[in-house]
Amino acid sequence: MYSYIKGSKKQTTSEGQKPVQCGTWTKYAEGGIFTSPNYPNKYPPDRECIYIIEAAPRQCIELHFDEKYSIEPSWECKFDHIEVRDGPFGFSPIIGRFCGQQNPPMIKSSGRFLWIKFFADGELESIGFSARYNFTPDPDFKDLGVLKPLPVCEFEMGGPEGIVESVQIVKEGKASETEAVDCKWFIRAPPRSKIYLRFLDYEMQNSNECKKNFVAVYDGSSSVEDLKAKFCSTVANDVMLRTGLGVIRMWADEGSRSSRFQMLFTSFQEPPCEANTFFCHSNMCINNTLVCNGLQNCVYPWDENHCKEKRKANLLDQLTNTSGTIIGVTSCIVIILIVISVIVQIKQPRKKFVQRKTDFDQTVFQEVFEPPHYELCTLRGSGPTADLADVADDFENYHKLRRSSSKCIHDHHCGSQVSSIKGSRSNLSTRDTSVLTEIQPQPVKPLIQPMNRRNILVMKHSYSQDAADACEIDEIEEVPTTSHRLARHDKAVQRFCLIGSLSKHESEYNTTRV
């Protein structure tokens, strides 16, 4: 429990009652009493006093103001006033600002600290205040009971640099891993030096619960009024101290012993730098032995910028057990994934490819790949010369015959299709088979080239063996030759001669006009 006046010498009242410039402060085991300057007389003008009260772990603070109370009244207490905050800092959550003749109500902290400020301007002084406080159990820990006595846990460190870490508590036997701890590290810099603190590792098991765990930094002493910073959330910032004495404090209850931190402290001097120092470009002069040591001792890494070769040599030394474990696990996962992918590729069914034979008979695909063939043959008639229009009609009718189904064509040649006697002269497939059988085959006379003979174009078409098989023709030589007598202009003229021949792979039909 401390009080001080801003800008004046601070005083701690460890026992008894001692007058100070900010009034009196009496301390007891269960609480204490403090007053404004000159109380119960009028307080002096232009005065600002800060009172910071700290309770033991798992305790809260109750603050009461005595009835004899008077502070200059003003709108929203902008002039003389008392300000109370719930915590150890001037930026802690505000509880209230009080002035006038009416006593403030009873105030209770939510944790171990209360921050109180008394301010007086240069006009209209009054008698001030007298306040008493006492410690009460924290209701958040009522189920845990009374806290056991804490072990003594203090460390002394110094030099141009050093590392403060929480593992020292167990390594040096200050406390066991299950005990609550309230440890302090006292760091003493060389003469005319100050201290720069930079966190290398920081994690609170119960983050944002300052009652259970925190790391605090003090500048000049371990007194609460010298509290510089306090960290209990997920982030911790670097701290620049104004003095050569720094105190690091760690509080962790039984359920927060997994909380940890690691901090690098560096002693530095302000410029101008001496011969054996290195200028950090941030108003810091550090010892030359700290340059290229693998650790950033300056606020900015000027001391490590030109040390690439040395940094590569010390890379393995900087690997911690955690980093090695992470690298090993990651490598194993990558290897397992590669092995699984290889096995999947091996087990995956392959597509089978059948090699095409090169010695296939191209005549089988003649219908598909080769266009119809056309030949020249003679056209003979018993009358005068044929008309060119008749040739064109015959040519068109042949195309109609070719587009008809192969089944009908073959049935016609095999004699299975029955049609009427009267039919078109161009549609041979519709002839009546009975009429064809009545016509007696005429003896074939030797062909004599007449004077009026002329050459015309007769189509030769290829058919597949499957169509020939449908007619059930066994031998080529047994296919009969059929002649039809066609009537045109009331004259019996022999018009077409159909000769069918089949082979193993194709059937060819030659149509001859005579």
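Residues numbered from 1 in each chain as written. Predicted model: local features only at pLDDT ≥ 70, side-chain atom pairs only at ≥ 80, totals over all residues. Heavy atoms only, no water.

Chemist: Explain the UniProt feature "transmembrane region" (unreviewed entry) in the protein here, please?
Modeler: Residues annotated in UniProt with the feature "transmembrane region" (unreviewed entry) correspond here to residues 326–346. Secondary structure over residues 326–346 splits into 100% helix and 0% strand, and the C-alpha atoms at its two ends are 31 Å apart. (UniProt positions renumbered as here; feature names shortened; annotations may be inferred. Helix = DSSP H or I, 4+ residues; strand = E, 2+ residues; numbered from the N terminus.)

Chemist: Before we go on, may I ask you to explain the pairing of strand β4 (residues 23–27) in this structure?
Modeler: Inspection of the sheet shows β4 paired to strand β5 (residues 31–35) by three bridges, in the antiparallel sense. Looking across to β5, one finds that W25 is bridged to F34. Between β4 and the antiparallel strand that follows it, β5, lie three residues. (Pairing = 2+ DSSP bridges.)

Chemist: Whenever I open this one, the environment of S267 confuses me. Can you help?
Modeler: Here S267 shows up in strand β21 (residues 260–268). Through-space distance from the C-alpha of S267 to that of I195 is 4.8 Å; in sequence the pair is 72 residues apart. For S267, the side chain forms a polar contact with the main-chain oxygen of G159, separated by 2.7 Å. (Polar contact = N/O pair within 3.5 Å; in protein donor to acceptor, adjacent residues only side chain to side chain.)

Chemist: Would you mind showing me how to read the nonpolar core here?
Modeler: Where a protein is soluble and globular, its nonpolar side chains tend to be buried together. By size, the foremost hydrophobic cluster in this structure holds 28 residues, and its most contacted members are I169, W185, L197, I248 and F261. Listed by contribution, the elements that provide at least two residues to this core are β15 (181–188), β16 (194–203), β17 (213–219), β18 (227–231), β20 (245–252) and β21. For W185, the contacting residues outside a window of four places in its chain are F155, M157, V164, E165, S166, Q168, I169, G246, V247, I248, M250 and F261. Ranked by size, the runner-up nonpolar core spans 27 residues in total, among them C22, W25, C99 and F135. (Core = buried A, V, L, I, M, F, W, Y, C linked by side-chain atoms within 4.5 Å. Buried < 20%, exposed > 50% of the residue type's maximum accessible area, 1.4 Å probe, protein only. Contact = heavy atoms within 4.5 Å.)

Chemist: Which parts of the structure should I look at to understand unusual backbone geometry?
Modeler: Most peptide bonds are trans, and most residues other than glycine sit at a negative phi. Following Y39, the chain continues to P40 via a peptide bond in cis, the omega torsion being 10°. A cis geometry characterises the amide bond from P271 onward to P272, with omega recorded as 5°. By secondary structure assignment, the location of P272 is in the loop between β21 and β22 (277–279). Non-glycine residue D46 carries a positive phi angle of around 50°. Residue placement: D46 occurs in the loop between β5 and β6 (47–54). When its relative accessible area of 61% is taken as the criterion, D46 is described as exposed. The backbone of N283 sits at a positive phi, close to 60°, despite the residue not being glycine. One can find N283 in the loop between β22 and β23 (285–287).

Chemist: How should I be thinking about the state of the cysteines in this particular structure?
Modeler: Think of a disulfide as a covalent bridge from one cysteine sulfur atom to another cysteine sulfur atom. In the structure shown here, the tally under the stated rule is seven disulfides. The disulfide partner of C22 is C49, and the gap between their sulfur atoms is 2.0 Å. Across the S-S bond linking C22 and C49, the dihedral sits near -90°, which makes this disulfide left-handed. Of this pair, C22 sits in the loop between β3 (17–20) and β4 while C49 is found in strand β6, placing the two residues 27 residues apart along the sequence. The residues C22 and C49 share a single accessibility class, namely buried. (Disulfide = S-S within 2.5 Å.)

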